[in-house]
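Structure at a glance
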Amino acid sequence: QVQLVESGGGLVQAGGSLRLSCAASGRTFSSYGMGWVRQAPGKEREFVAAISRRGSSTYYRDSVKGRFTISRDNAKNTVYLQMNSLKPEDTAVYYCAADRDIDVTSSIHDYDYWGQGTQVTVSS
């Protein structure tokens, strides 16, 4: 089992940047595929980005390609989401998630463990 704690959210103006971090407990972090998922008010959770266990493969939803970058540091048990050129429509609670069975996935239903979320608000 792994516990996930997100940080780095906040309020930023459109066009600005934020870097989210997700710290994982345990010694088997490198065995989990990791992802970021977000949920805006009144909307369902949606996939944002995913990274494979070794960090060799990444996937993004179309609306964040070229603006967001997911990365991981297995030595630090941490996954990151660098968000640039933020837009008001990026406003949401961002969740870190871990998948113990699949190397990398864009399906939010595959993730087994979730953090508590961190709020990102982008003002226009």
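Throughout what follows, the structure given in this document is the object of discussion. On a predicted model such as this, the values are computed, not experimentally measured, just so you know. (Residues numbered from 1 in each chain as written. Predicted model: local features only at pLDDT ≥ 70, side-chain atom pairs only at ≥ 80, totals over all residues. Heavy atoms only, no water.)

The next point concerns the state of the cysteines. Using the criterion set out here, one finds one disulfide in the structure. Here Cys22 connects covalently by a disulfide to Cys96, the sulfurs 2.1 Å from one another. Looking down the S-S bond of the Cys22 and Cys96 bridge, the torsion is -80 degrees, so its handedness is left-handed. Pair noted here: Cys22 is in strand β3 (residues 18-24) and Cys96 is in strand β9 (residues 92-99), with a separation of 74 residues, a long-range link. For the pair Cys22 and Cys96, a shared accessibility class is recorded, and that class is buried. (Disulfide = S-S within 2.5 Å. Helix = DSSP H or I, 4+ residues; strand = E, 2+ residues; numbered from the N terminus. Buried < 20%, exposed > 50% of the residue type's maximum accessible area, 1.4 Å probe, protein only.)

With that settled, consider unusual backbone geometry. The backbone of Asn77 shows a phi angle near 55 degrees, a positive value even though the residue is not glycine. Inspection of the secondary structure assignment puts Asn77 in the loop between β7 (68-73) and β8 (78-83). With relative accessibility at 17%, the residue Asn77 sits in the buried group. Phi is positive for Ser85, close to 50 degrees, though the residue is something other than glycine. With respect to the element layout, Ser85 can be found in the loop between β8 and β9. The exposure class of Ser85 is partly exposed, given its relative accessible area of 40%.

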